[in-house]
Amino acid sequence: MSTLLFLLLVFFLGTVAFATTHTHGLTGPAFIQEPESTTVHLREDNAFFHCNASGTLPLTYTWLLNGQLLPSATSNIYEVFGVTLNDVGVYQCVAENKAGKIVSRKAELKFYGKHAAADG
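As the structure is a prediction and not an experimental result, all values here were calculated from the model.

Procedures and definitions
Residues numbered from 1 in each chain as written. Predicted model: local features only at pLDDT ≥ 70, side-chain atom pairs only at ≥ 80, totals over all residues. Heavy atoms only, no water. Disulfide = S-S within 2.5 Å. Helix = DSSP H or I, 4+ residues; strand = E, 2+ residues; numbered from the N terminus. Buried < 20%, exposed > 50% of the residue type's maximum accessible area, 1.4 Å probe, protein only. Pairing = 2+ DSSP bridges. Phe/Tyr/Trp six-rings, centres within 6.5 Å; stacked < 30°, edge-to-face > 60°.

Draft legend 1. Looking closely at the state of the cysteines. Counted by the stated rule, this structure contains one disulfide. Between Cys-51 and Cys-93 runs a disulfide, and the two sulfur atoms are separated by 2.0 Å. Placement of the pair is Cys-51 in the loop between strand S5 (47-50) and strand S6 (52-54) and Cys-93 in strand S10 (residues 89-97), with a sequence separation of 42 residues. Look at Cys-51 and you get buried, because its relative accessible area is 0%.

And the structure:
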């Protein structure tokens, strides 16, 4: 059934539809929780980013740092231990299943105060 036909049926029959992607009976991911920006002390603090999505299982998660895939980040939680300048930037969670893929809002990892030139 096409999306337009489905929406027309919903309109005329009075059925309420949930605004999520549906593909062949599958429900695409929708964020329940998105990562939040945080500020830490360099080399002293750890940073934690969380996301959670609903949708047809299985759902997979990956993370981006400044738009680049973090290959080892495959959970809905991303942890940065002993934050360095290399870790500072914009993080986004990507949730995916067979029905689609979504990218979270941007969460910025910033640091307090000045940093040493040799950090990184």
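So that's the structure; there's more coming.
Draft legend 2. The arrangement of the pairing of S10 in detail. Here S10 lies mainly inside the structure; seven of its nine residues are buried. Inspection of the sheet shows strand S7 (residues 60-65) paired to S10 by six bridges, in the antiparallel sense. Paired with Thr-60 across the two strands is Glu-96, which belongs to S10. Taken together, the four bridges between S10 and strand S11 (residues 100-103) define a ladder with antiparallel strand orientation. Looking at the pairing, Asn-97 lines up with Gly-100 of S11. Connecting S10 to the antiparallel partner S11 that follows it, the hairpin turn spans two residues.

Draft legend 3. Spotlight on the packing of aromatic side chains. Counted under the stated rule, the structure contains five aromatic pairs. Here the aromatic rings of Phe-49 and Tyr-91 are separated by 4.6 Å at their centres, their planes lie at 25 degrees, and the arrangement is stacked. Of the two residues, Phe-49 sits in strand S5 while Tyr-91 sits in strand S10, which places them 42 residues apart along the sequence. You can call Tyr-91 buried: its relative accessible area is 1%. Linked through ring pairs, Phe-49, Trp-63, Tyr-78 and Tyr-91 together constitute an aromatic cluster.

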